[in-house]
Each structure stands twice: as structure tokens, then as C-alpha cells.
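Each chain, letter by letter, is given below.
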Amino acid sequence: MSQSGATVSQECITAFNDLKLAKKYKYIVFKLSDDNREIVVEEASADKDWEAFREKLVNATTKSRSGAVGKGPRYAVYDFEYSLASGEGSRNKITFIAWSPDEANVMAKMVYASSKEALKRSLNGIATELQANDNDDVEYDTVLKVVSKGLAG
Amino acid sequence: MSSQHPLPNTQQPSDVYGGDEVSALVLDAGYCHTRAGFAGEDVPKSVLPSFYGSLKTGDGDAATYRDIFGDECLIPRADFEVKNYMSRAESIVEDWDAATKMWEHVLIKRLQPEKPTPPSKNGLNDPVPDGEGDVAMDDVEDQEKPLAESPLLMTEAPWNTGKAREKVIEIAMESWGCPAFWLSRTPVLAAFAAGKASALVIDVGGANTSVTAIHDGMVLKRSIQKSPVGGLWLSGQIRSMWDNNDPKIDIVPSYMVENKTPVDAGAPAQAKLRKFPYEISQSFRTYEEERLVTEFKESVVEVWRGPGRYSNPGNEDIVRSQPGRVFEMPNGSNQMWREQRFRVSEGMWDETAALPAAESITKAQTIPELIKAAVNAVDVDLRPNLLGNIVITGGTSLLNGFGDRLNNELMAMYPGMKIKIHAPGLTTERRFSAWLGGSILASLGTFHQMWISRKEYEENGAGIVEKRCK
Ligand SMILES: Nc1ncnc2c1ncn2[C@@H]1O[C@H](COP(=O)(O)OP(=O)(O)O)[C@@H](O)[C@H]1O
Ligand SMILES: [Mg+2]
């Protein structure tokens, strides 16, 4: 269980297995349900366009306690593929992204950060993880560098 | 909703914060401040100094002492000493008796609204008043545990001892009757509130500065570094600077001043001092001086932003060419501070720049070295993520220029690495980040299943806290 007590819905695990084993998806975006009780799938997609995925994250919103809508955190899993600079072919790395924009309200940041463990532990087969807090952190080149540990070409 | 004016029962919303009928209490105790409030709120309702008073009655062998709590008690008095319930060296509880009383003062006196008397007992519904009934009822109420309806989340330093953790749940459960309890570590809460499950948390507080690596919401024990280079140490530097100033600056806290006449910069004060028909203790005076020194920190002191040390050639010339800041003492004496306001904070970064003071420090105790030691103590693979997720918290981190200097120091120490500092712009968030994190956590509906319940405590004993609050 996470430190917040939030749980992970079965659909998260199913979608993840579809991504990992059936290669049905390129990425999955997860969010906390409106009552903050459960982590659910917001979207699972086969779209290979990183920019489209990135837009989803940077445009994600959440409601503060007072009802104001602002930027919001998310979790995501992306089946990242890159070729090695050494020419030894390509690699796949299922990457977990904890997206928490600095502008998000503190309640949302707290809930997502303290619930992350629950989701990560439920998803078996994550190769890399990154924590992203501003738009630059989810630029393709930034992520590529982290995921490939600088070995991508 | 104001806790001071509880609504009648019928109007009271039963669902105030995320499903809890009674909102939990959150308590964050530091060496300088004890912060307490209701879960779900943005700032602690009550922020008190962690200092309390001890009043003496009688003399010699017949002397007895009574402790008094609350900032309104900390005024000039006869036979009065000011004490602190925390350890200056460790920022953890030293005097359990005083700690318990202080927390009761904050949690019960300050935060519990007078309980509305239930209609069955308020007399209005009694057909015939029956004589001594009231007295008996009062007795029953006195025996009631004061926090029997309030779950309590407390914070703790990451180096808190196992014994202290058990002690604190015992107090909550046995003395106060809390229905549920939880302990969270301050840097974990600060990291979470910054939206990070992993972070390097730099807490520049009152008695200590500490650096702690958090990974996936857990403290990496071996990373923990702490040193006395915090707010009080900086106060010592300011005192040293004032002492050695020409003319020497007397610290005259405001309680001593009856009235004052404005004087020119650098001129001797023209003030009438209050006379007390009893002796004011050194501990009270030091407490009052400290408040004055904090004002000076807020309005005058600045951190040299770097890059490089303040002592590097040319830097002081730059500062000299810039406007200074005037500070007026409560007695009216005032002067312009220019290069000294940078010099005085430089020792936090560079031990060779520390002014001569009672507490000298070593290189290893400076902030850059603490960070280096913390980072070196964790796995190489985790380091880049930590350096990219630095969270700063604590009152002393509010010093002007602090974040910029920290950034420059880190860039110099870790060339080529991505350094990113998260420093909440809101000063309340920076001062209260651990409290705020606890407040949100304890207000979540899902947190119900996290709390150590009274039943669990009764079945397992105080040792449960070690098992559950990892
Ligand atoms: N604006 C400020 N600039 C510099 N120092 C400050 C400022 N506000 C408070 N302080 C210092 O911060 C310290 C208290 O920090 P805090 O984080 O509350 O400590 P603790 O958690 O140990 O009680 C005090 O030494 C005080 O002088
Ligand atoms: Mg503190």
C-alpha cells in the first residue's frame, strides 16, 4: 500500500500487461480518481508520437479543494524505444514517469507523490523511472538521455 | 470554519474534510517552533515558540517551580526562566514532561473549541433541576480523555530514536486517548508536498541544518547529515558582528525600552529604559534578543549569491557599490549595513569566513559539505535523480539569496549534472512544508487505513510504531 492509503484499480494492471506483453499500447496515462481513493487509467494509447503523449501530460489538469482547475500531476508508463549509438541495434525500456508539475496545487502534489509507490509496485517489468516536474523534464531528448543513460544514438 | 465559534450541533457539517467527521490534528515540533493545527488546512492554526517559562516560588530548599506555556506567558517576570523542551544539539525531545505539557497546551487549549454541552446535559431539557447533579457531571467530564475524538499525526526528525517514537505514541494513546496515531518524518513530508517521492531535502531550521535523501518515499538512513549550522548558529554570527562593530552594538530587546527618541545613524541611542523591581533572567533576555535577531535576519542579512565565495577578489567591492539596508534597534539606534550583511552569513558555506563566536564550526559542518556527504552515502545510480530534485525547507532557508547560492555551490560541486532546486515561492509553504504535508495526508479519506488505531496499539503495545511508521 502507498503511504496515502490510496489503492490501484485492477484496470491499471490489465492495461499495463496489455502494453508489456501484447504490445497493444505505446503508453498509458494514470490518474487518481476524483475522490483520491484509487489510481485509475485515464488513457491507454497506441499512438507512437512522443509529442502527442507529452502534450497529454503538460495539459493534464486537476481540481483544487476550492474547485479551481489548474495543472495536475499524473503517472504514466511509456514503452520507450531507442537505438544504441554503438550501432548494436535498438532497445526497449518500459519507463515509468511520475509527472508532477511545479505549478500544480500542493494537495494534488502531495497525493500523487505519496501514492506513487502503490502503482509502481503493482506494475511488474518497469525498466526505468523518472520524476518530472516541469515541461523540459518531459522533452523527448531529456527523457531519451535518462532512459538510455546517454547510450542512445 | 472557525474553531473558536463552533456551530450548534445541528448546523455542524458532518463532512468537513474528506470524509472525516472529526478532523485530525497535526503537530510538527521543532527546536524553535511548535506548529499545530487541523488536518486539511493550509497553515497551522497555532505556531508557538518551543520555549516555555518556569516560575519559581519560595526560596532555597522550599523553592517550587511551575511551568507555564504559551507565548503570552513569555513576558518579564520575577523568578522566571525560559526553557526549551527540545535538545539544541539534536532538535528532538529532551524533556518529556515539558514536551507533553507544551503539546497539551497547543493541541487541547489552543485547538479544541469548548465542547458544546449536549442538550441532554445542558440543563435546558431537565424538567426538575436535581441539586448536585452538575458537580458529579463535571467530574466525569474531567476524567474524559481530552483528545478521545481526534486522530493525531505527528512529525519527527529522521534521526529520532526508537525509544522516543514509542514514548510519543504512549502519550497520545494513554494520556490523551487519541483514537488513532501516525508518525511521519519531516523530510518525507516536505518532499511529498513538493510533488516528489524522491528528493534530497535540505532543512535549514532553527538549531540544525540537515540533509536527507528520500527515495520512493523512504528516508535513506545512511544519507542523513546534520550540523549546528542553522538559524541559532547564524544568530551567534550576528551577535559576534554586533559585538565587534564600531561602535559596539548593544542588543536592547523591545521589552526593555520605555520610550525612545529618533537619532541619526551611528549616533548613541536616546531611550528611556524600563526599570523592573526584580531581576530579569539571562534566559528570558536571550529569548527576547533572539526575536530581535530574527527580525534582523529577515530584513537585513543576505547570502552572497555566488558563483564562488564571498571572499573571492572583487566581490566585496561589488557589494560596497550597492545600496545598504538600515536597521533600527528598539532603542532607536540605527545604522546602515552593507558588506557586513553578506559577510555574516558566509560561514554557512565557507568555514574560513565564519566570524569568531562561541560555537566554531568545521568544514564538514558547512552546507556544501553536508550535501556532499549525504550524496556520497547513497548509491551512484540514485545520485542524478537526487541532484535534480532538491527540496529546501526550514525558516533559515528564507534568507535572501539562499537558493541562488545553493544552486551555484551545487553546480560547482557537480559539474555537468542537472541540478534543480525546488523552493516554494510562498514563504508559508517553505516554513510549514512538513506540517502542510502532514495536514494533507491526514485529511485524505484513504488515510483511514493507515492510522495506527487504538485497538492496534492496545493489542501490540508501543512497539507497533516501529513496525507501521517505517
Ligand atoms: N525570513 C527569515 N530569514 C532568515 N531566517 C529566518 C527567517 N524567518 C525565520 N528565520 C529563522 O529560522 C529559524 C527557525 O526555523 P524553523 O524552520 O521554524 O525551525 P525549527 O523547525 O527548528 O523550529 C530561526 O532561527 C529564525 O531566526
Ligand atoms: Mg524544523
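Please read these numbers as outputs of a predicted model, since none were measured by experiment.

Rules and cut-offs
Residues numbered from 1 in each chain as written. Chains lettered and ligands numbered in written order. Predicted model: local features only at pLDDT ≥ 70, side-chain atom pairs only at ≥ 80, totals over all residues. Heavy atoms only, no water. Salt bridge = Lys/Arg side-chain N within 4 Å of Asp/Glu carboxyl O. Helix = DSSP H or I, 4+ residues; strand = E, 2+ residues; numbered from the N terminus. Buried < 20%, exposed > 50% of the residue type's maximum accessible area, 1.4 Å probe, protein only. Pairing = 2+ DSSP bridges. Contact = heavy atoms within 4.5 Å. Axes fitted to C-alpha atoms, helices over the stretch in contact; angles between N-to-C directions. Buried area = accessible area lost by both parts, 1.4 Å probe. Polar contact = N/O pair within 3.5 Å; in protein donor to acceptor, adjacent residues only side chain to side chain. Phe/Tyr/Trp six-rings, centres within 6.5 Å; stacked < 30°, edge-to-face > 60°. Lys NZ or Arg CZ within 6 Å of the ring centre and 35° of its normal.

(A) Molecular detail of the pattern of salt bridges. Per the stated rule, a full pass over the model turns up 53 salt bridges over all chains. When the shortest N-O distance is used, the salt bridge between B:Asp42 and A:Arg65 registers 3.2 Å. Here the residue B:Asp42 occupies a position in the loop between strand 2 (33-38) and strand 3 (46-49), and A:Arg65 occupies one in the loop between strand 4 (61-63) and strand 5 (69-71), the pair thus bridging two chains. Between B:Glu459 and B:Lys455 there is a salt bridge, with its nearest N and O atoms 3.5 Å apart. Linking B:Glu459 with B:Lys455, this pair stays in helix 14 (residues 454-460), spanning 4 residues, or about one helical turn. Under the relative-accessibility criterion, B:Glu459 is labelled exposed at 57%. Judged by relative accessible area, B:Lys455 falls into the exposed class, the value being 57%. Each of A:Asp102, A:Asp134, A:Asp137, B:Lys418 and B:Lys420 takes part in salt bridges that share partners, so that together they form one network.

(B) Just the sheet that holds strand 7 (residues 152-156) of chain B, in detail. All names here are of chain B. The strand order 3-2-1-7-8-19 describes an open sheet built from 6 strands, whose pairing is mixed. Two strands in the sheet have a free side with no partner beyond their single neighbour: strand 3 and strand 19 (452-453). When strand 1 (residues 25-29) meets strand 7, the two strands line up parallel, connected through 3 bridges. When the bridges of strand 7 are listed, Leu 27 appears paired with Met 154. Sheet contacts for helix 4 (residues 186-193): strand 1, strand 7 and strand 8 (180-185); angle to strand 8, the most-contacted strand, approximately 80 degrees.

(C) Spotlight on the interface of chain A and chain B. Each partner contributes to the interface: chain A provides 26 residues, whereas chain B provides 31 residues. Here chain A and chain B share an interface that buries about 2400 Å² over both sides, 52% of which is from carbon and sulfur atoms. Per-residue buried area on chain A facing chain B is highest for A:Gln3, A:Met110 and A:Gln131; these three make up 29% of the total on that side. Inspection of the chain A/chain B interface yields 7 salt bridges. The salt bridge partner of B:Asp216 is A:Lys120, with a shortest N-O separation of 2.7 Å. Counting across the interface, chain A meets chain B through 15 residue pairs in polar contact (both at pLDDT 80 or more).

(D) Representation of the packing of aromatic side chains in the model. Under the criterion given, the structure shown has 29 aromatic pairs over all chains. Aromatic side chains B:Phe276 and B:Tyr278 sit 5.9 Å apart centroid to centroid with 40 degrees between the ring planes, which places their arrangement in the tilted category. An aromatic cluster of at least three residues, connected via ring pairs, comprises A:Tyr27, A:Trp50, A:Phe53, A:Tyr78, A:Phe80 and A:Tyr140. Positioned above the aromatic ring of B:Phe80, the side-chain terminus of B:Arg77 is 5.5 Å from the ring centre. The cationic tip of B:Lys226 hangs over the ring face of B:Trp159; the distance from NZ or CZ to the ring centre is 4.9 Å.

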